[in-house]
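For reference, the chains in residue letters:
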There are 2 protein chains.
Amino acid sequence: MPQTDDQIAATFAPHDHRECAHRVLDEAAERLADQGARLTPVRRRTLEILLESHRALGAYEVLDRLAAEGFGRQPPVAYRALEFLVQHGLAHRLQRLNAFAACLHPGHDHHPAFLICRSCHKVAEAAAAPVREALTHVAGQGGFRVERVTIEALGLCATCAAEDAPDSTA
Amino acid sequence: MPQTDDQIAATFAPHDHRECAHRVLDEAAERLADQGARLTPVRRRTLEILLESHRALGAYEVLDRLAAEGFGRQPPVAYRALEFLVQHGLAHRLQRLNAFAACLHPGHDHHPAFLICRSCHKVAEAAAAPVREALTHVAGQGGFRVERVTIEALGLCATCAAEDAPDSTA
DNA sequence: ACCCGGATGTAATAAAGTAACGCCTTGGCG
DNA sequence: CGCCAAGGCGTTACTTTATTACATCCGGGT
Ligand SMILES: [Zn+2]
Ligand SMILES: [Zn+2]
Ligand SMILES: [Zn+2]
Ligand SMILES: [Zn+2]
């Protein structure tokens, strides 16, 4: 399974995020090497940018960052890098947000459910298997064969709920 | 519950669609009257347009239709009518498609799961309760309180699967 | 050196969505 | 009736998101 309950809480709770980023980046490099895919500078930098926080970034936010660092400043630069990362399971696209987030569990279940906190805007990945199973069952009864699912939840994370404040971007 | 398994199959199978549309339109008018909301000409026509098929339409497709019939030809015309319908539970927005579909079960569960056939492009509404429950449970273990969910499945409907052809727009 | 495919970069354009404003109708009220 | 407030409709203008098309560059194989 992609992540335990602790990992959901860990995403939202304050933590040493450097460690998150390093771990994922290392795993990413390794996975790509296996697949014979190249982690070029733009791609690597794009992943690093996504990894800077647990928030999802729009393609144009990423593009601005890349452009500021000397990479191309046209939309395809960002879209291509992001698409590459998504295809190789290193990032996810959030439909509700038109945004992208680094995958924190590369190599595991690549179609997780997303939990989006409406207060801190962080995004956590949750195990989608049970959810997908329920959906596949319901659909199957109607003769529909599910191939891909999008599961995104909007809500309030434990950390924000504890603060009880209406907003916090910590 | 919003719909039975039969209703999923019914959506995808050939059927007298006039009947679908009439039934929903009547229910819609009734519901709006209860709520004191007005089903104005643009709004009514927008709903009728969505009801013409079980496919989801983009805002601009709807707009083109409205414009051709003498309504305004600027985006807000379509977006306002669509938003009104969504807010009153008469239509749904599909995140994956950036598109809208008439709700075929107004008055019931207003946050269904959507089953989108990749071949005929029809959209069916499935009972989301069990799915949402599974998600709420998983999220809850991580301390996340789910408030709204988006559940959309891409796949193949029974009718298209039976035809076994890779594509059919019937 | 030559060629090739993949990766970058660009310009240009499409598609989706929103803000802001004015006019007109509806419906309540003196 | 005349008046006003609210809501609905239409328009202009604009923002945000995403794609198409094409030139260039780089690395590896021959
Ligand atoms: Zn982290
Ligand atoms: Zn939060
Ligand atoms: Zn029908
Ligand atoms: Zn189908």
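Conventions and cut-offs
- Residues numbered from 1 in each chain as written.
- Chains lettered and ligands numbered in written order.
- Predicted model: local features only at pLDDT ≥ 70, side-chain atom pairs only at ≥ 80, totals over all residues.
- Heavy atoms only, no water.
- Donors = N, O, S within 2.8 Å, 3.2 Å for Na, K, Ca; no water.
- Tetrahedral: all angles 85-135°; square planar, octahedral: opposite > 155°, others 65-115°.
- Buried < 20%, exposed > 50% of the residue type's maximum accessible area, 1.4 Å probe, protein only.
- Helix = DSSP H or I, 4+ residues; strand = E, 2+ residues; numbered from the N terminus.
- Arc of directions from axis to C-beta.
- Contact = heavy atoms within 4.5 Å.
- Axes fitted to C-alpha atoms, helices over the stretch in contact; angles between N-to-C directions.
- Parallel < 35°, antiparallel > 145°, perpendicular 65-115°, else oblique.
- Left-handed = near helix turned anticlockwise from the far one by under 90°.
- Nonpolar A, V, L, I, M, F, W, Y, C, P; charged D, E, K, R; others polar.
- Near = heavy atom within 4 Å.
- Polar contact = N/O pair within 3.5 Å; in protein donor to acceptor, adjacent residues only side chain to side chain.
- Expected span 1.5 Å × (residues − 1).
- Buried area = accessible area lost by both parts, 1.4 Å probe.
- Salt bridge = Lys/Arg side-chain N within 4 Å of Asp/Glu carboxyl O.
- Pairing = 2+ DSSP bridges.

*Asks:* How do you make sense of the coordination of the zinc ion (ligand 1) when you look at a structure like this?
*Replies:* A metal bound by six donors in octahedral fashion has ideal angles of 90 or 180 degrees, whereas one bound by four tetrahedral donors has an ideal angle of 109.5 degrees. Bound to the zinc ion (ligand 1) are the protein donor atoms H15 of chain A (NE2), H17 of chain A (ND1), C20 of chain A (SG) and H54 of chain A (NE2), situated 1.9 to 2.2 Å from the metal. One can describe the site at the zinc ion (ligand 1) as irregular: its four donor atoms subtend angles covering 93 to 148 degrees at the metal.

*Asks:* Would you mind showing me how to read helix α4 (residues 59–68) of chain A here?
*Replies:* One turn of the α-helix equals 3.6 residues, which is why residues spaced by three or four share an orientation. All names here are of chain A. For α4, the set of buried residues is A59, V62, L63, L66 and A67. The buried residues of α4 occupy an angular sector of 135 degrees when projected down its axis, which confines them to one face. Exposed residues lying more than 90 degrees from the buried face of α4 are D64 and A68. Summarising the contacts, the buried residues of α4 are in contact with α3 (41–51), α5 (75–87) and β2 (99–102). G70 lies just past α4 and shows a positive phi near 100 degrees.

*Asks:* Is there a simple way to think about the packing of α3 of chain A against α4 of chain A in this case?
*Replies:* Helix packing geometry: the angle between the two helix axes and the distance between the axes. Residue and element names in this part refer to chain A. Here α3 crosses α4 at 125 degrees, and the two axes come no closer than 10 Å. By the angle between their directions, the pair α3 and α4 is classed as oblique. As α3 runs across α4, the sense of the crossing is right-handed. In contact with V42, R45, T46, I49 and L50 of α3, α4 contributes V62, R65 and L66. Of the residues assigned to the contact of α3 with α4, the class counts are five nonpolar, one polar and two charged.

*Asks:* For this particular structure, what's the right way to read the coordination of the zinc ion (ligand 3)?
*Replies:* Residues and elements named next belong to chain B. Bound to the zinc ion (ligand 3) on the protein side are H15 (NE2), H17 (ND1), C20 (SG) and H54 (NE2), at distances that span 1.9 to 2.1 Å. Metal-centred angles of 93 to 139 degrees between the four donor atoms at the zinc ion (ligand 3) mark the site as irregular. Each donor residue of the zinc ion (ligand 3) lies on one chain, and together they are spaced H-x1-H-x2-C-x33-H. Here the residue H17 and the residue C20 both occupy positions in helix α2 (residues 17–35), the gap between them amounting to three residues, near one helical turn. Considered together, H17 and C20 belong to a single accessibility category, that of buried residues.

*Asks:* Looking at this model, I keep getting lost on the protein's contact with DNA strand D. Mind explaining?
*Replies:* Neighbouring DNA strand D are 17 residues, the closest being Y60 and R93 of chain A together with T40, Q74 and R80 of chain B. Restricting the count to atoms of DNA strand D within 4 Å of the protein gives a sugar and phosphate share of 50%. Contacts to DNA strand D include Y79 of chain A, whose side-chain N or O atom sits 2.9 Å from a phosphate oxygen. Breaking the surface near DNA strand D down by element, the ones donating at least two residues are α5 of chain A together with α3 (41–51) and α5 (75–87) of chain B. Here the surface near DNA strand D is built from residues that sort into eight nonpolar, four polar and five charged.

*Asks:* Looking at this structure, how should I read helix α6 (residues 129–141) of chain B?
*Replies:* Residue and element names in this part refer to chain B. Here α6 contains 13 residues, and its C-alpha end-to-end distance of 18 Å stays within 8% of the 18 Å for a straight helix at 1.5 Å per residue. Those residues of α6 not exposed but buried are V131, A134, L135, V138 and A139. Down the axis, α6 shows its buried residues gathered within 125 degrees of arc, on one side only. In α6, the exposed residues that point more than 90 degrees away from the buried face are E133 and H137. After α6 finishes, the residue G143 shows a positive phi value of roughly 85 degrees.

*Asks:* For this particular structure, what's the right way to read the protein's contact with DNA strand C?
*Replies:* Every one of the 16 residues lining DNA strand C counts as a neighbour, but T40 and R80 of chain A together with Y60, Y79 and R93 of chain B are closest to it. In DNA strand C, the atoms that sit within 4 Å of the protein are 50% sugar and phosphate, with bases accounting for the remainder. Interatomic distance of 3.0 Å between a side-chain N/O atom of Y79 of chain B and a phosphate oxygen of DNA strand C. Sorting the residues of the surface near DNA strand C by element identifies α3 and α5 of chain A together with α5 of chain B as the ones contributing at least two each. In the surface near DNA strand C, the residues fall into seven nonpolar, four polar and five charged.

*Asks:* Which parts of the structure should I look at to understand the interface of chain A and chain B?
*Replies:* It is common to give the size of an interface as the accessible area that goes away when the parts come together. With 37 residues of chain A at the interface, the matching set in chain B holds 37 residues. A buried area of about 3,100 Å², summed over both sides, lies between chain A and chain B, and 61% of it is on carbon and sulfur atoms. For the interface between chain A and chain B, the tally reads two salt bridges. As a salt-bridge pair, E147 of chain A and R118 of chain B come within 2.7 Å of each other at their nearest N and O atoms. Our count for the chain A to chain B interface comes out at 14 residue pairs in polar contact (both at pLDDT 80 or more). For the side of chain A that touches chain B, the elements supplying multiple residues, two or more each, are α1 (5–12), β3 (113–117), α6 (129–141) and β5 (145–156) of chain A. In the side of chain A that touches chain B, the residues fall into 24 nonpolar, six polar and seven charged. Bridge count between β5 of chain A and strand β5 (residues 145–156) of chain B: eleven bridges; the pairing is antiparallel. By the bridge assignment for β5 of chain B, V149 of chain A is matched with A153 of chain B.

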